[in-house]
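A closer look at the structure
Below, each chain spelled out in residue letters.
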Amino acid sequence: MASLIDCIALSLVPGLGVTSYWRLLDHFGTPERVLTARESELRRVAGLGRRHFAGLLSGCDYRLQAHEELERLGRLGGFALSSDDDDYPALLRHLPDPPPVLYGLGRRELLARPAVAVVGSRAATGYGRKVAFVMGEQLARGGLAVVSGLALGIDAQAHCGALRADGDTVAVLGCGLDIVYPQLNRALFETLRMRGLLLSEYPLGTKPEGFRFPARNRIIAAMCQGVVVVEAARRSGSLITAQIALDLGREVFAVPGPIDSHKSEGTHWLLKQGASLVRDVDDIILELRGVSTLRMARAEPWPAPVEPSLEPEATKLLGLLDTSGQERETLLSMSGLSPARCNELLLVLELEGLVELLPGDRVCRVAGSAADGQRLTGEG
């Protein structure tokens, strides 16, 4: 078994991505041999060039950096696993490019739990948020760990639902474990750290840059028996996660939405491609019974949410909208707000699930939202 220090050390070398890490291991056999290889030996590795192994020849002591990384992680109360550790999720090894190292904060034993991913739009509608919360809650009651990405919208609601059921939930991050992203989910981050599991393939201090999230999505897809897409646009990270799941032979489920909702175009497309239709959580549990011992979820009334607290200008802006939608320019003229302020308030309303942005730069109020005098259900 390779040394954890050597695995972390090799993963810290600048210029080496996951693909080049595994190419080097296929050639040399162990991280230790890679770290001590001469330039002439490195040049024999097929598919790699000078830019890939320049860091290995820099003279830096990456083992020392690895020791320091583990010390910082230990002070946070975290842990690290190499890919050949017994606790490393077996399903992740199905990936062509599994994470060489996993860093975790929280309940390490959740890595062995049967799991389902719940993913979808960050700017979810009230309908999508409600469904995600209930899905997370009832999957947890059915004996499954709920895996998602701690993003706003669908991800956060799925985590909150699982927590409401006192169930298991895992958040896979696109940054280091010492960085809370997004900041609006700080309270959820801290709760997951205590009651669930935070997981990342990135060392501490890694910033949440855009390219890291598609890479994060492959971990979400691979470590689960199935992926549920609640709400997604036709082109979205959630559909990338679903495609990875299909490529790995996982089950893909899609929740239908209103036929005129832009946010449900992706899930409707998945259903046309043959994804399993989800009417309730039992559709998922029945499909997955062959891979683990699950129990049927006990149907309960959906919990009522805390009503969003809006500032007066946001409430006024919301009152100018209807469910049929109108052009942003018209709304701007009616509101008397500056373009910047109007856009800021629309973003707040979208994140609260009260409005939806439509093609053609149109905006509509979400039907059945609290703004229509009805309480949303299922929010956490």
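The preceding data block contains the structure.
What comes next is a walk through the structure. (Residues numbered from 1 in each chain as written. Predicted model: local features only at pLDDT ≥ 70, side-chain atom pairs only at ≥ 80, totals over all residues. Heavy atoms only, no water.)

**Overview of the sheet that holds strand β5 (residues 169-172)**
With mixed pairing, nine strands are arranged side by side in an open sheet as β1-β2-β6-β5-β4-β3-β7-β8-β9. If you trace the sheet from one side to the other, it starts and ends with β1 (79-82) and β9 (276-277), each paired once. Relative to strand β4 (residues 145-148), strand β3 (residues 115-119) is paired through three bridges, and the arrangement is parallel. Note that in β4 the partner of A115 across the bridge is A145. (Pairing = 2+ DSSP bridges. Helix = DSSP H or I, 4+ residues; strand = E, 2+ residues; numbered from the N terminus.)

**Describing the pairing of β3**
Here β3 lies mainly inside the structure; five of its five residues are buried. Neither face of β3 is open: one carries A115, A117 and V119, the other V116 and V118, and all of them are buried. For the segment spanning β3, helix α7 (residues 126-141) and β4, crossover handedness is right-handed. Where β3 meets strand β7 (residues 226-229), four bridges bridge the pair, whose relative direction is parallel. What sits directly across from V116, in β7, is G226. (Buried < 20%, exposed > 50% of the residue type's maximum accessible area, 1.4 Å probe, protein only. Right-handed = clockwise from strand over helix to strand, strands pointing away.)

**Some remarks on the layout of surface pockets**
Any space left empty among the atoms is revealed by the rolling of a water-sized probe across them. As a volume, the second largest pocket reaches approximately 520 Å³. Lining the second largest pocket are 24 residues, with S11, L16, G17, V18 and Y202 sitting closest to its centre. Of all the secondary structure elements, the ones that give two or more residues to the lining of the second largest pocket are α1 (4-11), α2 (18-28), β2 (101-106) and α10 (212-222). (1 Å grid on protein atoms, 1.4 Å probe; cavity = no way out; pocket = protein on both sides within 12 Å on 5 of 7 lines; lining within 4 Å. Points joined across faces, edges and corners; volume = space filled by probe spheres on them.)

**Overview of the pairing of strand β11 (residues 355-358)**
Pairing geometry for β11 and strand β12 (residues 362-365), over four bridges, is antiparallel. Considered in β12, the bridge of L357 is made with V363.

**Digging into helix α15 (residues 328-335)**
Every buried residue of α15 is listed here: L331, L332 and S335. End-on, the buried residues of α15 take up no more than an arc of 100°, which puts them together on one face. Pointing more than 90 degrees away from the buried face of α15 are the exposed residues E329 and S333. In this fold, the buried residues of α15 make contact with α14 (312-319), β10 (326-327) and α16 (339-351). Phi turns positive one or two residues past the end of α15, at G336, with a value near 75°. (Arc of directions from axis to C-beta. Contact = heavy atoms within 4.5 Å.)

**Here's the deal with the packing of α1 against helix α6 (residues 62-76)**
α6 packs onto α1 with a crossing angle of 105° between their chain directions and a minimal axis gap of 8 Å. The orientation of α1 with respect to α6, classified from their angle, is roughly perpendicular. Mapping the contact onto sequence places L4, I5, D6, I8 and A9 in α1 and Y62, R63, A66, H67 and L70 in α6. Its residues assigned to classes, the contact of α1 with α6 comprises seven nonpolar, one polar and two charged. (Axes fitted to C-alpha atoms, helices over the stretch in contact; angles between N-to-C directions. Parallel < 35°, antiparallel > 145°, perpendicular 65-115°, else oblique. Nonpolar A, V, L, I, M, F, W, Y, C, P; charged D, E, K, R; others polar.)

**With respect to the sheet that holds β12**
Here three strands make up an open sheet; going across it, the order is β10-β12-β11 and the pairing antiparallel. Of all the strands in the sheet, the pair left with one neighbour each is β10 and β11.

**Considering the packing of α10 against helix α11 (residues 237-247)**
Where α10 meets α11, the axes come as close as 8 Å, and the angle between the chain directions of the two elements is 45°. Taken together, the axes of α10 and α11 are oblique relative to one another. In the packing of α10 onto α11, the handedness of the crossing is right-handed. Along the contact surface, α10 presents N217, R218, I220 and A221, while α11 presents G237, T241, I244 and A245. Looking at the contact of α10 with α11 residue by residue, the class counts come to four nonpolar, three polar and one charged. (Left-handed = near helix turned anticlockwise from the far one by under 90°.)

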